[in-house]
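Residue strings, one per chain:
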Amino acid sequence: MPSASVLIPPHLLPADGRFGSGPSKVRAAQMDALAALGPSVMGTSHRQPPVRDLVARVRRGVAELLGAPEGHEVVLGNGGSTSFWDAATFSLVRTLASHAAHGEFSAKFAAATSAAPFLADSHVTRAEPGTLATVAYDADADVYAWAHNETSTGVVSPVVRPAGATPDQLTLVDATSIAGAAVVDLREADAYYFAPQKVFGSDGGLWLAVLSPAAIERVARIDASDRWIPESLSVQQAVTNSRLDQTLNTPAVATLALLAEQLDWFADHGGLAWAAGRSRASSDHVYAWAQARDWASPFVADPAHRSPVVATIDLDPAIDHTAVIAALRENGVLDVFPYRKLGRNQLRMGLFPAVDPADVEALTACVDYVVERLA
Ligand SMILES: *Cc1c(COP(=O)(O)O)cnc(C)c1O
C-alpha cells in the first residue's frame, strides 16, 4: 500500500467511509441478510415462489414506504433508470415530451425522447447547473418530465404538476437518487421511478416505477397502437409481469434481496419521515459546515434548491479537490468526487439514509484535517 500523503488520525475517521452518490453504502446487516436468504433464492428459478415472494415483498414495501395512492402500481424491470428512460420513450410519450433539464441526468432523458424518430422534437426548459429549471404548462405536450433530485449537481425539485396541466398530460419524475429519502405526494406523479443503488443502498440493474392509473392506461393504449416497441423496453410487458411478481427476463435477485431488506429497515424505524429526517440531518450539517469555512461554499446558491441527499460543495481555487479526494481515499473515505462532466473544483457527498449522520460529521472533520495539511 502506498503511504498516505496525509494520515488522518483514526479517531477522526468515520465508522464507514462510503459516501458515494450511487452506488452508495450497502449496510453490513443487508449483506448478512442476503447471506442468510441466499440458499433459498440465489441460484433458484425466478419463476418459483421464493423469488416471486421477494418481488412481492419489494412491490409491497415500495408502495407502503412512498404512500402509493389507491390504484397506483409498483412496476419493475431490468436495466436501471437509464433503461426506464428508453422504455418511457417507447411506452409513455404519445407525441411530445416537455422536459426540465438542469444537469446530466435530466438532460439525458430529454435527449432520449428528442432522438426518437416517432416523436415530435421535445421541448426542453434548461437552466445552468446548480440552479433549478421547472416545466410550465405546455399545450403541445402529453408528458412532462423532470428529476426530483438532479444527482449531478445536487439540486432538488418540487414534485408538483405544472399549473394548468390537463389530466391527459402525464408527469414522469426521475426520483432515482431521492425516492425513499424525501416526503412526496404521489398524486402529483404519474410515474415516480428510481433504481435501488442510491437511497436504498442496494445494487444496480433494476428500475422501479410507481405508475398511476392514467400512466397504466397510456401504456396500454400505446401498446395497442401500431408503434413498434422492443419487448425488453415495453412498459406493458413490465406491468403484466410485475402484476405476477415477475420480470420479463431474469432479474438481479441479490439486488432485490438487498432492496427488500432496506425497505424493512426503513419501515422498522418509522418509514419515509424517518429516512428523510436522516438525510436532512446529514445535509443540514454539511451545508452549515461549508458556510462556516472561508474555503468552502454550497454550489447551489438557493438554500431551497439544495438537495437533502446529494450535497455539492465548491472549494476555493487554492485547494485542489483532486488532492483532497485522493488523500481521503488513501484513508478509506471514498467517492466524494464531483460529477465527472461538471468539471468543478468540488466535493459531492451522498447523504442517503443508510449513511450514519455521525459518520457525516466525521467526514467533514476529515475534510478539515486534510485541507489544513495540504494548505
Ligand atoms: C443514477 C441516476 C440515473 C441512472 O441510474 P442507472 O440505474 O445507473 O441507470 C438516472 N437518473 C438519476 C437522477 C440518477 O441519479
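Residues numbered from 1 in each chain as written. Predicted model: local features only at pLDDT ≥ 70, side-chain atom pairs only at ≥ 80, totals over all residues. Heavy atoms only, no water.

For the chain, an unreviewed UniProt entry supplies the name phosphoserine transaminase and the organism Serinibacter arcticus. The UniProt entry for the chain carries the following comment under Sequence similarities (unreviewed entry): "Belongs to the class-V pyridoxal-phosphate-dependent aminotransferase family. SerC subfamily." Quoted verbatim from the Pathway (unreviewed entry) field of the UniProt record, the comment on the chain reads "Amino-acid biosynthesis; L-serine biosynthesis; L-serine from 3-phospho-D-glycerate: step 2/3." (UniProt positions renumbered as here; feature names shortened; annotations may be inferred.)

A. A look at the pairing of strand 7 (residues 170–174). Counting buried positions along strand 7 yields 5 of 5 residues, so the element is predominantly enclosed. Burial along strand 7 is two-sided: L170, L172 and D174 facing one way and T171 and V173 facing the other are all buried. In this sheet, strand 7 lies alongside strand 4 (residues 143–147) in parallel orientation, the contact comprising 5 bridges. Each bridged residue has a counterpart across the sheet, and for Y144 the counterpart in strand 7 is T171. Strand direction decides the pairing type here: strand 7 and strand 8 (residues 191–194), joined by 3 bridges, are parallel. Within the sheet, the bridge partner assigned to V173 lies in strand 8 and is Y192. (Buried < 20%, exposed > 50% of the residue type's maximum accessible area, 1.4 Å probe, protein only. Helix = DSSP H or I, 4+ residues; strand = E, 2+ residues; numbered from the N terminus. Pairing = 2+ DSSP bridges.)

B. Local environment of helix 6 (residues 235–243). Three or more residues of helix 6 are buried, namely V235, Q236, A238, V239, N241 and S242. Each element contacted by the buried residues of helix 6 is listed here: helix 2 (49–66), strand 1 (73–78), helix 3 (80–91), strand 9 (206–211) and helix 5 (213–224). The N-terminus of helix 6 is capped by S234, whose side-chain oxygen sits 3.3 Å from the backbone nitrogen of Q236. In the segment just after helix 6, D245 is the residue with positive phi, at about 55 degrees. (Contact = heavy atoms within 4.5 Å. Polar contact = N/O pair within 3.5 Å; in protein donor to acceptor, adjacent residues only side chain to side chain.)

C. Molecular detail of the site of the ligand. Around the ligand, the structure places 13 residues, and the nearest of them are T82, T151, D174, Q197 and K198. In this structure, S81 approaches the ligand through a main-chain N or O atom, which is 3.1 Å from an oxygen atom. Per element, the largest residue contribution to the shell around the ligand is 4 residues, and it comes from helix 3. Residue classes in the shell around the ligand are distributed as 3 nonpolar, 8 polar and 2 charged. (Near = heavy atom within 4 Å. Nonpolar A, V, L, I, M, F, W, Y, C, P; charged D, E, K, R; others polar.)

D. Highlighting the environment of R57. Its place among the elements puts R57 in helix 2. Classification of R57 as partly exposed rests on a relative accessible area of 22%. Distance in space between the C-alpha atoms of R57 and D203 is 17 Å, their sequence separation being 146 residues. Not counting residues up to four positions away in its chain, the partners in contact with R57 are L37, A260, E261 and D264.

E. Highlighting the nonpolar core. Ranked by internal contacts, the top residues of the largest apolar core, which has 49 residues, are V58, V62, L66, Y192 and F200. If you list the elements that add at least two residues to this core, you get helix 1 (28–41), helix 2, strand 1, strand 4, strand 8, strand 9, helix 7 (253–269) and helix 8 (271–291). Of all the elements, helix 7 adds the most residues to this core, at 9 residues. Composition of this core by domain shows at least three residues from each of domain 1 (13–26 + 271–372) and domain 2 (29–268). Leaving out residues up to four positions away in the same chain, V62 has contacts with V74, F194, L208, V210 and L263. Core analysis: the second largest hydrophobic core is formed by 33 residues, V75, L172, A209 and V219 among them. (Core = buried A, V, L, I, M, F, W, Y, C linked by side-chain atoms within 4.5 Å. Domains from an automatic or database assignment.)

F. Quick peek at the sheet that holds strand 10 (residues 296–298). The sheet built from 3 strands is open, its strands ordered 10-11-12 with antiparallel pairing. Among the strands making up the open sheet, the edge pair consists of strand 10 and strand 12 (346–350). Direction aside, neighbouring strands of the sheet carry axes that sit 30 degrees apart on average. Sheet topology note: the strand 11 (residues 310–315)/strand 12 ladder contains 5 bridges and is antiparallel. Residue pairing across strands places V310 opposite G350, the latter belonging to strand 12. (Axes fitted to C-alpha atoms, helices over the stretch in contact; angles between N-to-C directions.)

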